[in-house]
Amino acid sequence: MSPPFSYSLIPSEINLINPFMNTVNNSDKGNENDDHGIQIWQANKDRLTWMQQKLAEMPRILSRSAGKSACCIFKVPESLIQINGRCYQPHIVSVGPFHHGDPRLKMIEEHKWRFLGTLLKRMQRKGLGLEDLLKAVQPLEAQARECYSASVDFTQDEFIEILVVDGCFVIELFRKFGGIVAFEADDPLLSLSWIYSFFLRDLIRLENQIPFFVLQCLFDLTQLPVPDPDPSPTLSKITLQFFNNALQRSDEFVVKFQNLTGKHILDLLRTSFIPEGYEEPTERKYTNSHVIHCISKLRRAGIKLHAGNEDSFLVIKFRRGVIQMPTITIDDFTSSFLLNCVAYEQCHRSCSKHMTTYATLLDCLINTAKDVEYLCDQNIVENYFGTDAEIARFINNMGKDVSFDIDSCYLSELFHDVNHYYRNHWHVHWASFKYTYFNTPWSFVSAVAAFVLLVLTVTQTYYTVVSYVKRSG
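Remember, predicted model here, so these are calculated numbers, not experimental data. (Residues numbered from 1 in each chain as written. Predicted model: local features only at pLDDT ≥ 70, side-chain atom pairs only at ≥ 80, totals over all residues. Heavy atoms only, no water.)

Enquirer: What is the right way to look at the overall build of the protein in this model?
Expert: Scanning the protein from N- to C-terminus turns up 20 helices and seven strands. Within the protein, the proportion of its 473 residues that are buried is 41%. By sequence separation, contacts in the protein at least 24 residues apart represent 71% of the contacts at least 6 residues apart. (Helix = DSSP H or I, 4+ residues; strand = E, 2+ residues; numbered from the N terminus. Buried < 20%, exposed > 50% of the residue type's maximum accessible area, 1.4 Å probe, protein only. Contact = heavy atoms within 4.5 Å.)

Enquirer: I keep staring at the nonpolar core and nothing clicks. Help me out?
Expert: The nonpolar side chains of soluble globular proteins are, as a tendency, buried together. Counting 117 residues, the largest nonpolar core has Phe199, Phe243 and Met325 as its most contacted members. Ranked by residues supplied to this core, first place goes to helix α6 (residues 156-177) with 11 residues. With near-sequence residues (within four places) excluded, Phe243 lies in contact with Phe174, Leu200, Leu203, Ile204, Ile265, Leu269 and Phe333. (Core = buried A, V, L, I, M, F, W, Y, C linked by side-chain atoms within 4.5 Å.)

Enquirer: How should I be thinking about the packing of helix α14 (residues 332-347) against helix α15 (residues 354-365) in this particular structure?
Expert: Between two packed helices, what matters for the description is the angle formed by their axes and the separation of those axes. Put simply, α14 and α15 touch, their axes get as near as 8 Å, and they point 120 degrees apart. In terms of orientation, α14 lies oblique with respect to α15. Pair α14 / α15 crosses with left-handed handedness. Facing α14, whose interface residues are Phe337, Leu338, Cys341, Val342, Glu345 and Gln346, α15 presents His354, Met355, Thr356 and Ala359. Considered class by class, the residues forming the contact of α14 with α15 number six nonpolar, three polar and one charged. (Axes fitted to C-alpha atoms, helices over the stretch in contact; angles between N-to-C directions. Parallel < 35°, antiparallel > 145°, perpendicular 65-115°, else oblique. Left-handed = near helix turned anticlockwise from the far one by under 90°. Nonpolar A, V, L, I, M, F, W, Y, C, P; charged D, E, K, R; others polar.)

Enquirer: Hey, could you run me through the environment of Leu339 in this one?
Expert: Assignment of secondary structure puts Leu339 in helix α14. With relative accessibility at 5%, the residue Leu339 sits in the buried group. As a C-alpha pair, Leu339 and Tyr88 span 251 residues in sequence and 7.8 Å in three-dimensional space. In contact with Leu339, other than residues within four places in its own chain, are Asn84, Cys87, Tyr88, Phe394 and Met398.

Enquirer: Teacher, can you tell me more about a nonpolar patch on the surface here?
Expert: Taken together, the side chains of Leu48, Trp50 and Met51 present a nonpolar region at the surface, about 250 Å² in accessible area. Residue Leu48 is classed as partly exposed on the basis of its relative accessible area of 31%. (Patch = residues over 30% accessible without salt bridge, like charges linked within 9 Å, V, L, I, M, F, W, Y side chains within 5 Å. Areas by Shrake-Rupley, 256 points an atom, 1.4 Å probe, with all protein chains shown as cover. Salt bridge = Lys/Arg side-chain N within 4 Å of Asp/Glu carboxyl O.)

Enquirer: When you look at unusual backbone geometry in this model, what are you seeing that I'm missing?
Expert: Both trends apply: most residues other than glycine have a negative phi, and most peptide bonds are in trans. The phi dihedral of Asp186 is positive, around 60 degrees, even though this residue is not glycine. If you trace the backbone, Asp186 turns up in the loop between α6 and α7 (188-191). Positive phi, close to 55 degrees, is recorded for Asp401, a residue that is not glycine. When its relative accessible area of 54% is taken as the criterion, Asp401 is described as exposed.

Enquirer: I keep staring at the side chain of His264 and nothing clicks. Help me out?
Expert: Residue placement: His264 occurs in the loop between α11 (251-256) and α12 (265-273). The class of His264 is buried, set by a relative accessible area of 0%. A distance of 2.9 Å separates the side chain of His264 from the backbone oxygen of Cys72, its partner in a polar contact. Apart from the residues within four sequence positions on either side, His264 is in contact with Cys72, Ile73, Leu206, Gln209, Ile210, Phe212 and Tyr344. (Polar contact = N/O pair within 3.5 Å; in protein donor to acceptor, adjacent residues only side chain to side chain.)

Enquirer: Please clarify how the confidence of the model for the protein should be interpreted in this entry.
Expert: Caution applies to low-pLDDT regions: their predicted coordinates should not be interpreted in detail. Residues of the protein with pLDDT of at least 70 account for 84%, and the chain-wide mean is 85. Considering only residues more than four positions removed or in separate chains, one finds that residues 1-30, a stretch of pLDDT under 50, has 42 contacts. (pLDDT = per-residue confidence, 0-100.)

Enquirer: I'm lost on the packing of α6 against helix α9 (residues 212-222) in this one. Help?
Expert: Running from amino to carboxyl end, α6 crosses α9 at an angle of 65 degrees, the nearest separation of the two axes being 9 Å. One finds that α6 runs roughly perpendicular with respect to α9. Viewed along their axes, α6 and α9 form a crossing whose handedness is right-handed. Packed against α6, whose contacting residues are Leu163, Val164, Gly167, Cys168, Ile171 and Arg175, the element α9 presents Val214, Leu215, Leu218, Phe219 and Thr222 at the interface. A per-class count over the contact of α6 with α9 returns eight nonpolar, two polar and one charged.

Enquirer: When you look at the packing of aromatic side chains in this model, what are you seeing that I'm missing?
Expert: Two descriptors summarise a pair of aromatic rings, namely the distance from one centre to the other and the angle between the planes of the rings. Enumeration according to the criterion identifies 22 aromatic pairs in this entry. Each ring, one from Phe98 and one from Tyr148, has its centre 5.3 Å from the other, and the planes form 75 degrees; the classification is edge-to-face. Within this pair, whereas Phe98 is found in the loop between α2 (78-84) and α3 (106-123), its partner Tyr148 is found in the loop between α5 (141-145) and α6, the two being separated by 50 residues in sequence. This pair shows no difference in class: Phe98 is buried, exactly as Tyr148 is. Ring centres of Phe115 and Phe169 lie 5.1 Å apart, and the angle between their planes is 50 degrees; on these two criteria the pair is classed as tilted. With Phe115 in helix α3 and Phe169 in helix α6, this pair connects stretches of sequence that are 54 residues apart. A single burial state applies to Phe115 and to Phe169, both of which are buried. Sitting over the face of the ring of Phe98, Lys75 holds its NZ or CZ atom 4.9 Å from the ring centroid. Residue placement shows Arg249 over the ring face of Phe273; its charged tip is 4.2 Å from the ring centre. (Phe/Tyr/Trp six-rings, centres within 6.5 Å; stacked < 30°, edge-to-face > 60°. Lys NZ or Arg CZ within 6 Å of the ring centre and 35° of its normal.)

This is the structure in C-alpha cells:
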C-alpha cells in the first residue's frame, strides 16, 4: 500500500530555505486523489542582493579602527548619554568631523575663517600660505582617520579642510587668550564673557577632538620666531595655560608639564593630573576587594576625612584612620571634565583608569546631601555647582554604568586598608559610641544628663537598701 502523499522534486525545484522565502504552491493536477499542494521555497532575489551588499559593508557607527590602540576619539555610548545628557557634545563650537556642519554651531563656524585669515596674514612673513597648511596635513590624513571610532564620512579633501580650519582655530584661540597674539579690536569672542566659559567646556568634550599630532604639525608650521631671549612656548604649555584660568593651578605646575603630550586636548589635560608614583599596579596585590562605605558609615567607624595639600586631586592617602583628599572645585567645567574623562577611559583600551577610579571613590563616599555637606565642611569639596543634593546626584550619576576593576586600580591599596580598618570591631564600637553620644553639644549634654540621672538613681537605691538593712538589724 502506497503512502497517501508522495513528493518528487527535480533539481531545478530544490531551493535554499531561509526566512526571506516566497511560497509557491504547486499541486499535482494529474492525480485526482491528491488534494495537497507541494510547497517549494525560493529565495527572494532582491533580498539576496541586499544581504550580499550588507556582507560587503564595513561597520560605520563603531568602525574596526575603534579596537586599535591608536583610536582615541570616540562616540560616547548611548547609555552614558541617557544618564548625563549633552555633557559630551559641543554647545557653541565643533572641532573635528563628528559634529561638523551642525547648524547649532554655525556662529563660531564663521569666526573660524576669520581666525584663519589673520593667521595666514602673519604667515606671509615666512612665505607660507593656505596651500602649505593643506600639504602639511595631507600626509597625516589617513592616520587621523584611524583616531576616530566612527567612520568619517568626508572625502580626503573635505577631511583635510576640517583638520586645518578647526586645528588653526584652536591654536589661534590658545595664542590669543595666552597673550602671544593680540586680539583684534572689539573682537566679540573676547568682549562677550560668556563665550570663554563655553570654549573651555567644548574643547574638552570627547566627541569634539582633533588628534594632537595634527595640532602639533599646524602649530610648528605657523610658529613665528620670538625676539625675546626666552624660548617660544610649546603647544602643551599654551594649552594648559588656556585651561588654567578654570583650574587655578600654579605657573610652576604649568611649566613642569610644558613638554607633556597626549592623544588630544582632553587626554593632555587628563594626563597632567596623574601624579608620579600613583601608577596602576602591574600585578594584583589584592583579590576580591570591596568598595568602601559612605561617609556617614565611615565616620561611625572612627574614620575621618581631612583636606590634603597636593597639587592633584588624585593624590589620596589613608593613614591611621584618616583619609586625606586634596580640595577639588566642582563647577560646570570640572563636572564636564570628569564626565568626559570617565567616558574616554571607558572607551580607550590602552588608557589608564585614574579618573574612573576617582569617580568611583566619590560615588562610594557620597550617598546623600549630608555626605556632600561634610566634605564641604572639611574643605575637600568647593561647591560652585549647585545645592549639596545636586552634587550628590551628579556624583552618583557619574558612577553609573561604569566598568571598574577595584583590584587593578591605582587606589586598590587604599580600598583594602580602609575596609580592613572598618572591620576592626574595637574601632567600630568605640567610634560608634562617640559618634552617637558626643558628636554634637546637645547629644553630649543629653549623655551627661543621662549619666548623672543614672548615678543619682544608683545612689538612691544604695542608700535605700542600706537604711533597710540597718532597721532590720
